[in-house]
Amino acid sequence: MVKTEIKSEVENVVIVGSGPAGYTAAIYAARANLQPILITGFTSGGIPGGQLMTTTFVENFPGFPDGVLGPELMDLMKAQAVRWGTKLIESDVISIDTNIKPFKLTTLDEDIYSNSLIIATGASANRLGIINEEVYWSKGISACAICDGATPQFREEELAVVGGGDSACEEAVYLTKYGSKVHLLVRSDKLRASAAMIDRVKANEKILIHWNTSVVEAKGNDWLEKIKTIDKEMNQGEINIKGLFYAIGHTPNTSFLEKQIDVDKKGYILCKEGRPETSIEGIFAAGDVSDSEWRQGVTAAGSGCMAALAAERWLSEKNLSKLITREQPDPLKSNSSSIYDEEEVTEETFDINSQWQKGSYALRKLYHESKRPILVIFSSPTCGPCHVLKPQLKRVISELNGAVQGIEIDIDKDHEIAKQAGINGTPTVQLFKEKLLKKQWKGVKQRSEFKEAIKNII
Ligand code: NDP
């Protein structure tokens with residue numbers, strides 16, 4: 001039975017998910033004066049920004065004739081959604097309750113009530129589950145070649161990618177920048193990637209395709225050294241590699257729905273044919289979470305638009321929308337130039353008091369001369385999680401009034417420094433005080449974790 005709860009703060013529409021579907025829905029809902037809330041996701045279901053955060057060049061998104069880096073495209077969509085008044089909440093949704101009206105969402109930090117919902121939580125990268133996967137995870141095995149490929153341990157070494165889709169092909173080509181040879185392990189006798197991608201793989205002399213081949217075990221000492229394989233005829237083999245990258249598809253992020261909305265047998269949300277309405281009135285779905293077939297950035301964006309328009313109509317029909325009035329018809333321009341990469345500092349531009357600088361010159365100077373603790377983020381140019389983490393770290397530093405200084409090291413440019421620091425994936429953050437390493441984090445973490453560690457040493 002549907003219960004009605006009286007709440008003082010009830011949103012018009014809450015969008016869950018921050019990929020192309022979520023941000024496009026937010027842009028449309030915000031421009032319809034619905035003042036949407038967008039819950040970005042944090043640790044569950046991949047990183048905020050979705051799958052394009054772990055892609056290099058997206059060459060098929062209309063409007064970018066020369067391609068655009070996935071994380072850059074997502075930064076632009078986010079800036080556009082925020083410019084029109086979307087409120088972002090950096091948290092995960094733990095559960096929703098569709099049995100009460102307005103719907104209740106429980107996040108890591110609070111409960112939120114909303115008259116309508118748009119679920120755009122996308123899908124997460126699958127793992128193989130081979131023997132010793134956990135032992136060598138981040139010590140040679142990775143689900144993101146684009147994030148981790150530039151790590152020093154992979155340079156001029158043999159590497160392998162598992163999968164036969166566009167991701168596997170793209171990652172194999174990308175890894176030839178760093179590895180001496182890339183083995184592409186395909187479990188069947190064909191690639192299912194797009195024709196252009198297959199051509200690129202086949203034209204690349206550094207890629208060796210192993211057809212009908214599956215991986216069964218990872219072996220090594222401190223770091224991955226080889227994999228055991230098996231082919232269709234049950235012949236076993238071994239390949240010596242220092243990196244194994246998974247690109248074997250995705251699973252929809254729908255577990256938090258706890259079967260309250262109809263899903264198919266793989267977990268994808270079931271919608272009316274070609275439409276965003278789910279089995280629950282007032283709840284809409286967009287993007288890969290409800291699309292096991294097309295799964296493109298542009299189709300996700302299109303479905304986000306449909307979901308927002310459908311939600312707007314539904315709210316209006318039910319007389320539930322509370323529209324905001326804007327003081328100015330056109331919001332201020334977004335500061336989108338700030339989302340692009342900063343320049344490395346030189347002897348001329350270095351500033352001992354600056355809160356955030358980039359490059360090895362700044363690191364050397366601050367390491368030896370600064371009286372304050374320093375927070376070093378090791379990033380790589382195409383690392384999507386680094387895009388997520390950098391603004392978080394800058395916010396931590398600013399909230400601590402510069403009691404700590406931040407430095408970014410691009411491991412692609414400064415790979416010797418990365419090697420000396422023992423970096424084996426990006427983002428990695430190291431906290432130093434008086435030349436001593438106090439703490440290290442790998443991957444995206446909550447701001448509170450960094451703050452607490454810094455406060456403990458100042
Ligand atoms: P796909 O689902 O398209 O491909 C997954 C691949 O992994 C398949 O080749 C599949 O094999 C293989 N696989 C699955 N499970 C296993 C396993 N246990 N062992 C070995 N191999 C396995 O996923 P993608 O991530 O490649 O692509 C998802 C979507 O995103 C697609 O629509 C794609 O076109 C798009 N995309 C576009 C890009 C671009 O345009 N730049 C880049 C990346 C993705 P099998 O074929 O035998 O099932």
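Structure: see above.
All chains use their own residue numbering, which begins from 1 and follows the written sequence. Thresholds applied to this predicted model are a pLDDT of at least 70 for local features of residues and 80 or more for the giving and counting of side-chain atom pairs; totals over whole chains, interfaces and linings are not thresholded and use all residues. For the side-chain quantities, the full set of heavy atoms in the structure was used; hydrogens and water were omitted.

### Here we look at the sheet that holds strand β17 (residues 224-231)
What counts is decided by this rule: Only strands joined by at least two bridges in the DSSP assignment are considered to pair. Helix and strand assignments follow DSSP, with helices taken as H or I runs no shorter than four residues and strands as E runs no shorter than two, numbered in order from the N terminus. Every axis in this analysis is a line fitted to C-alpha atoms, fitted for helices over the stretch in contact. Angles between the N-to-C directions lie between 0 and 180 degrees.
With respect to topology, 3 strands assemble into an open sheet ordered β16-β17-β18, the strand pairing being antiparallel. Either end of the sheet is taken by a strand with one partner, and the two such strands are β16 (213-220) and β18 (236-240). The sheet shows a mean angle of 30° between the axes of neighbouring strands, direction not considered. In the sheet, β17 pairs with β18 via 5 bridges, with the strands oriented antiparallel. Bridge pairing in β18 links threonine 229 to glycine 237.

### Let's talk about the pattern of salt bridges
In a structure, side chains of opposite charge can pair up when their charged atoms sit close to one another. To keep it simple, the criterion reads: Think of a salt bridge as a Lys or Arg side-chain nitrogen and an Asp or Glu carboxyl oxygen that are within 4 Å of each other.
Applying the stated criterion across every chain yields a total of 15 salt bridges. Glutamate 134 is paired through a salt bridge with arginine 127; the nearest N and O atoms lie 3.4 Å apart. We note a salt bridge from lysine 451 to glutamate 399, for which the minimum N-O separation is 2.5 Å. With lysine 451 in helix α11 (residues 447-457) and glutamate 399 in helix α9 (residues 384-399), this residue pair connects regions lying 52 residues apart in the sequence. Linked by salt bridges that have partners in common, Lys219, Lys226 and Glu238 make up one network.

### Some details on the environment of glutamine 430
Put simply, the test is: The buried label applies to any residue whose accessible area, calculated with a 1.4 Å probe on protein chains only, is under 20% of its type's maximum; exposed applies above 50%, and partly exposed to all values in between. The contact criterion used throughout is that any non-hydrogen atoms of two residues lie within 4.5 Å. Any N or O atom pair separated by 3.5 Å or less is treated as a polar contact, with the protein-specific requirement of one donor-capable and one acceptor-capable atom, and with residues adjacent in sequence counted only for side-chain atom pairs.
Residue position: glutamine 430 is located in strand β25 (residues 428-433). On the accessibility criterion, glutamine 430 (3% relative accessible area) is buried. As for glutamine 430 and isoleucine 407, which are separated by 23 residues in sequence, their C-alpha atoms are 9.9 Å apart. Residues in contact with glutamine 430, not counting those within four places in the same chain, are Ile374, Leu375, Val376, Phe378, Ala421, Ile423, Leu437, Lys439 and Gln440. Of the polar contacts made by the side chain of glutamine 430, one reaches the backbone oxygen of alanine 421; its length is 3.3 Å.

### Some words on the environment of isoleucine 94
Examined against the element boundaries, isoleucine 94 turns out to sit in strand β7 (residues 93-97). A C-alpha to C-alpha distance of 43 Å links isoleucine 94 and arginine 364, two positions 270 residues apart in sequence. Residues contacting isoleucine 94, with those up to four places away along its chain left out, are Thr106, Thr107, Leu108 and Phe256.

### Some thoughts on unusual backbone geometry
Cis rather than trans, the peptide bond between lysine 101 and proline 102 has omega equal to -5°. With respect to the element layout, proline 102 can be found in the loop between β8 (100-101) and β9 (103-107). Cis geometry is adopted by the peptide bond preceding proline 427, which originates at threonine 426 and carries an omega value of -5°. With respect to the helices and strands, the residue proline 427 is situated in the loop between α10 (415-420) and β25. Unusually for a residue other than glycine, arginine 295 sits at a positive phi of about 50°. Summarising the element assignment, arginine 295 is placed in the loop between β21 (283-285) and α7 (297-317). A positive phi angle, near 55°, is found at asparagine 401, a position not held by glycine. In this fold, asparagine 401 is placed in the loop between α9 and β24 (405-410). For asparagine 401, a relative accessible area of 69% corresponds to the exposed category.

### Notes on the environment of glutamine 355
Looking at the element boundaries, glutamine 355 is found in the loop between α7 and β22 (356-358). Residue class for glutamine 355 comes out partly exposed when judged on its relative accessible area of 33%. C-alpha separation for the pair glutamine 355 and methionine 53, spaced 302 residues apart in sequence, amounts to 26 Å. When neighbours within four sequence positions are excluded, glutamine 355 is seen to be in contact with Ile397, Ser398, Asn401, Gly402, Gln405 and Gly406.

### Considering the nonpolar core
Rule in force here: As used here, the term nonpolar core means buried Ala, Val, Leu, Ile, Met, Phe, Trp, Tyr and Cys residues forming a set that is joined through side-chain atoms within 4.5 Å.
Membership of the largest hydrophobic core comes to 51 residues, with the highest contact counts inside it found for Ile118, Leu375, Leu393, Val429 and Leu431. The set of elements that each furnish at least two residues to this core consists of β2 (11-16), α1 (20-31), α2 (70-83), α7, β23 (374-379), α9, β25 and α11. The leading source of residues in this core is α7, at 8 residues. If we skip the residues at most four places from it in the chain, isoleucine 118 touches Val13, Val14, Ile15, Val16, Ala25, Phe284, Ala286, Ala307, Ala308 and Ala311. In terms of nonpolar packing, the next biggest core, distinct from the first, is built from 35 residues, Ile130, Ile141, Phe154 and Ala193 among them.

### Points about the site of the ligand
To be explicit about the condition: Proximity criterion: a residue is near a molecule or strand once any of its heavy atoms comes within 4 Å of it. For accessible areas, the Shrake-Rupley method is used with a probe of radius 1.4 Å. Any residue's cover is judged against the shown protein chains and nothing else.
Every one of the 19 residues lining the ligand counts as a neighbour, but Gly164, Asp166, Ser167, Arg187 and Arg192 are closest to it. Contact between the ligand and arginine 192: an oxygen atom at 2.5 Å from a side-chain N or O atom of the residue. In the model, an oxygen atom of the ligand is placed 3.1 Å from a nitrogen or oxygen of the glutamine 296 side chain. In isolation the ligand offers 920 Å² of accessible surface; the protein chains occlude 79% of this area. Top contributing element to the shell around the ligand by residue count: helix α5 (residues 166-175), with 3 residues.

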